[in-house]
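Descriptive analysis of the structure
For reference, the chains in residue letters:
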Amino acid sequence: MNITNLGTIFVDQTNVISLFDMHKTFEIQSLDELSALAQNLLIDRGENRIWAFYGAMGAGKTTLIKMLCEAAGVLQQVSSPTFNLINEYESTQLGIIYHFDLYRLNSIEDALNIGAEEYFHSGNLCLLEWPENIEPLLPNNRRNVIIQVTDHGSRIIKIEDHE
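Remember, predicted model here, so these are calculated numbers, not experimental data. The written sequence of each chain sets the order in which its residues are numbered from 1. Confidence filtering applies because this is a predicted model: local features only for residues at pLDDT of at least 70, side-chain atom pairs given and counted only at 80 or more, and all residues used for totals across whole chains, interfaces and linings. Computation of side-chain values covers all heavy atoms of the structure but excludes hydrogens and water.

We describe a pair of aromatic rings using the distance from one ring centre to the other and the angle between the two ring planes. Ring geometry is summarised as follows: Phe, Tyr and Trp rings, the Trp one being its six-membered ring, pair when their centres sit within 6.5 Å, and such pairs are stacked at plane angles under 30 degrees, edge-to-face over 60 and tilted between the two. The final tally for this structure, using the stated rule, is four aromatic pairs. Through a chain of ring-to-ring contacts, three or more aromatic side chains come together here, namely Tyr98, Phe100, Tyr119 and Phe120. Should the NZ of a Lys or the CZ of an Arg lie within 6 Å of a ring centre and within 35 degrees of the ring normal, that charge is described as sitting over the ring. Across the ring face of tryptophan 130, the terminal group of lysine 61 is positioned such that the distance to the ring centre comes to 4.1 Å.

In structure tokens:
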């Protein structure tokens, strides 16, 4: 059995064994490790339907969201909705997934005008890039995913579940 240790997540070729709690930090060295982390985050997603992805431009928010969608069974192409602001994906495992890119929003009013609150209360998984642009609208019950790039190019990913 080939086991890779990603913090306290262990993945092998046939099973996923998870030792996950509300706040964890992982250092990710490769796309394979990121894919394994995405699979485990979905398994241990809890009740939070709003996932807020924080990180600098180029930190890997969209890449992680692509891998989450792939792990959830999204068959269509996943890309950052930079100009659309919201993409909708159909997942074989989770139903509808909404992917937001809030970088271009200039105000809370802009978020209200695109119906952000309705999406947040839809019961569907909402994956938000640049959530800091609408922080006052974010529900308290959410998962924060904070991505930092290290000096040597790996990613530090912090998961904080708030309920």
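From this point, things continue past the structure.
What follows concerns the nonpolar core. The set of buried Ala, Val, Leu, Ile, Met, Phe, Trp, Tyr and Cys residues whose side-chain atoms join them within 4.5 Å is what this entry labels a nonpolar core. For every residue, the accessible area obtained with a 1.4 Å probe (protein chains only) is divided by the maximum for its type, and the residue is called buried under 20%, exposed over 50%, and partly exposed between those limits. Within the largest apolar cluster, 26 residues are counted, with the highest numbers of intra-cluster contacts made by Leu64 and Ile157. Here a helix means four or more residues in a row that DSSP labels H or I, a strand means two or more in a row labelled E, and each is numbered from the N terminus. Mapped onto this core, the elements with two or more residues apiece are strand S4 (23–28), helix H1 (31–43), strand S5 (50–54), helix H2 (61–71), strand S8 (125–129), strand S9 (142–149) and strand S10 (155–162). Sequence-distant contacts of leucine 64, defined by excluding residues within four places in its chain, comprise Leu34, Ala38, Phe53, Val145, Ile147 and Ile157. Among the nonpolar cores identified, the runner-up in size contains 20 residues, and Ile96, Ala111, Leu137 and Ile146 belong to it. It only takes one pair of heavy atoms within 4.5 Å for two residues to be counted as in contact.

Turning our eyes to something else, we now look at the confidence of the model for the chain. The quantity known as pLDDT measures the predictor's confidence residue by residue, on a range of 0 to 100. Of all residues in the chain, 87% attain a pLDDT of 70 or more, and the chain-wide mean is 86. Counting contacts from residues 1–21, a segment whose pLDDT is below 50, to residues more than four positions away or on other chains yields 42 contacts.

As for its position among the elements, leucine 127 is in strand S8. Leucine 127 sits in the buried class, given a relative accessible area of 0%. Along the primary structure leucine 127 and histidine 99 are separated by 28 residues, whereas in three dimensions their C-alpha atoms are 4.8 Å apart.

Our next topic: the sheet that holds S9. Across a sheet, paired strands are connected by hydrogen bonds in the backbone, their directions being either parallel or antiparallel. In this analysis, strands are considered paired if DSSP registers two or more bridges between them. Spatial ordering of the open sheet is given by S4-S10-S9-S5-S8-S7-S6, a layout of seven strands whose pairing is mixed. Only two strands of the sheet have a single partner each, and these edge strands are S4 and strand S6 (86–91). Adjacent strand axes in the sheet meet at a mean angle of 20 degrees, parallel and antiparallel pairs treated alike. Bridge count for strand S7 (residues 95–101) against S8 is five bridges, and the pairing is parallel. The residue bridging tyrosine 98 from the neighbouring strand is cysteine 126, located in S8. Packed on one face of the sheet, H1 meets S4, S5, S9 and S10 and runs near 160 degrees to S4. Against the sheet, H2 engages S5, S6, S7, S8, S9 and S10, with an angle of about 150 degrees to S5. Axis angles are defined between N-to-C directions and span 0 to 180 degrees, where every axis is a line fitted to C-alpha atoms and, for a helix, only to the segment in contact.

This part covers the side chain of aspartate 161. Inspection of the secondary structure assignment puts aspartate 161 in strand S10. Reaching out from aspartate 161, the side chain makes a polar contact with the side chain of arginine 143 at a distance of 2.6 Å. As used in this structure description, the phrase polar contact means that two N or O atoms lie within 3.5 Å; if the pair is within protein, one of them must be able to donate a hydrogen and the other to accept it, and residues adjacent in sequence are counted only when both atoms belong to side chains.

Our focus in this paragraph is unusual backbone geometry. Positive phi outside glycine occurs at leucine 85, with the angle close to 75 degrees. Owing to a relative accessible area of 14%, leucine 85 belongs among the buried residues under this scheme.

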